[in-house]
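# Close look at the chain arrangement
Letter by letter, the chains look like this.
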Amino acid sequence: DAKTTQPNSMESNEEEPVHLPCNHSTISGTDYIHWYRQLPSQGPEYVIHGLTSNVNNRMASLAIAEDRKSSTLILHRATLRDAAVYYCILSDYNTDKLIFGTGTRLQVFP
Amino acid sequence: DAGVIQSPRHEVTEMGQEVTLRCKPISGHDYLFWYRQTMMRGLELLIYFNNNVPIDDSGMPEDRFSAKMPNASFSTLKIQPSEPRDSAVYFCASTSFRGWETQYFGPGTRLLVL
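Reading the values: the criteria
- Residues numbered from 1 in each chain as written.
- Chains lettered and ligands numbered in written order.
- Predicted model: local features only at pLDDT ≥ 70, side-chain atom pairs only at ≥ 80, totals over all residues.
- Heavy atoms only, no water.
- Helix = DSSP H or I, 4+ residues; strand = E, 2+ residues; numbered from the N terminus.
- Buried < 20%, exposed > 50% of the residue type's maximum accessible area, 1.4 Å probe, protein only.
- Contact = heavy atoms within 4.5 Å.
- Areas by Shrake-Rupley, 256 points an atom, 1.4 Å probe, with all protein chains shown as cover.
- Lys, Arg positive; Asp, Glu negative; His and termini not counted.
- Charge placed at Lys NZ, Arg CZ, Asp CG, Glu CD.
- Disulfide = S-S within 2.5 Å.
- Pairing = 2+ DSSP bridges.
- Axes fitted to C-alpha atoms, helices over the stretch in contact; angles between N-to-C directions.
- Buried area = accessible area lost by both parts, 1.4 Å probe.
- Salt bridge = Lys/Arg side-chain N within 4 Å of Asp/Glu carboxyl O.
- Phe/Tyr/Trp six-rings, centres within 6.5 Å; stacked < 30°, edge-to-face > 60°.

### Let's talk about the overall build of chain A
- Helix and strand content of chain A: 0 helices and 9 strands.
- In terms of overall dimensions, chain A has a C-alpha envelope of 40 × 30 × 25 Å along the principal axes.
- Counting all 110 residues of chain A, 44% fall into the buried class.
- Taking the contacts inside chain A whose residues are at least 6 apart along the sequence as the reference set, 57% of them involve residues at least 24 apart.
- Approximately 5800 Å² of chain A is accessible, and the part contributed by carbon and sulfur atoms is 46%.
- Chain A carries 9 positive and 12 negative side-chain charges, and their two centres are separated by 4 Å.

See the structure below:
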């Protein structure tokens, strides 16, 4: 399974943008980049995913480097409710599994 | 839809007892996943099913763990006998079309084995 590397923790102030980085230097051409987050005492929830092009949805934006060896999850205006562990995951098109790493714990301060 | 439903939400049992965790996936979803989360090991995939058939159980820790999916709307994860090191939060997730498509997680079952 392709591996991802994320910082253990990050901090942000409320209403500021947050850029969560993820390195995946061994990514292959068919690997999708997924982001999930886990709020305290809840199950993980889907945030966004992409293959090559940048993606936007109501929760966040995903910026993918041109060589696809890294990506960044962008929360445009952090709120206290965004405090969570954010997981960057690669999925192989040929398998049916998502392998979660340790993620980045995001703290948001008022 | 009510989402993925898991029961019980909390379970406290004594070492050696049998524990059964239950999951109802989202209607129409073809894939069902069982995960375990601990502080030490993070979120681990235990087993997953496609159309009620177990596809990959390589994450099941040992023979004490077993999982079944008798029909499309119900799955169980059983631990017999339970041990203190099985204490964890167990999540069930489901998705459709392909396993790596957006997975929808249940609220989890928090298991404590004394």
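### What about the state of the cysteines?
- Per the stated rule, a full pass over the model turns up 2 disulfides over all chains.
- Bridging C22 of chain A to C88 of chain A, the disulfide has an S-S length of 2.1 Å. In this structure, the disulfide formed by C22 of chain A and C88 of chain A twists by about -85° around the S-S bond and is classed as left-handed. Of this pair, C22 of chain A sits in strand β2 (residues 18-23) while C88 of chain A is found in strand β8 (residues 84-92), placing the two residues 66 residues apart along the sequence. For the pair C22 of chain A and C88 of chain A, a shared accessibility class is recorded, and that class is buried.
- Here C23 of chain B connects covalently by a disulfide to C92 of chain B, the sulfurs 1.8 Å from one another. Between C23 of chain B and C92 of chain B the sulfur-sulfur dihedral comes to about -70°; the bridge is accordingly left-handed. Here the residue C23 of chain B occupies a position in strand β3 (residues 19-24), and C92 of chain B occupies one in strand β9 (residues 88-95), the gap between them amounting to 69 residues. With respect to burial, C23 of chain B and C92 of chain B carry one shared label: buried.

### Notes on the sheet that holds β8 of chain A
Residue and element names in this part refer to chain A.
- One open sheet holds the 5 strands; their spatial order is β1-β9-β8-β3-β4, and the pairing between them is mixed. Here the strands that pair on one side only, and so sit at the sheet edges, are β1 (9-13) and β4 (45-50). Within the sheet, the average angular offset between the axes of one strand and its neighbour, ignoring direction, is 25°.
- In this sheet, β8 lies alongside strand β3 (residues 31-38) in antiparallel orientation, the contact comprising 8 bridges. Following the sheet pairing, R37 is matched in β8 by Y86.

### Let's talk about the interface of chain B and chain A
- Counting residues at the interface gives 18 residues for chain B and 18 residues for chain A.
- Carbon and sulfur atoms make up 53% of the area that chain B and chain A hide from each other, which totals about 1600 Å².
- Its largest share of buried area at the contact with chain A, chain B owes to L43, R98 and W100 of chain B, together 39% of the area lost on that side.
- One can count 1 salt bridge joining chain B with chain A.
- For K97 of chain A, the salt bridge goes to D56 of chain B, with nearest N and O atoms at 2.9 Å.

### Side note on the pattern of salt bridges
- With the rule as written, the count across this model stands at 12 salt bridges over all chains.
- The structure contains a network of salt bridges with shared partners spanning E62, R64, E83, R85 and D86 of chain B.

### Focus on the environment of N23 of chain A
- Here N23 of chain A shows up in strand β2.
- Between the alpha carbons of N23 of chain A and K69 of chain A there is a distance of 6.1 Å; along the sequence they are 46 residues apart.

### Considerations on the packing of aromatic side chains
- A complete count under the given rule lists 12 aromatic pairs over all chains for this structure.
- On the basis of an interplanar angle of 90° and a centroid distance of 5.7 Å, the ring pair of F100 of chain A and Y35 of chain B is categorised as edge-to-face. Of this pair, F100 of chain A sits in the loop between β8 and β9 (104-109) while Y35 of chain B is found in strand β4 (residues 31-38), placing the two residues in two different chains.
- What makes Y35 of chain B buried here is its relative accessible area of 0%.

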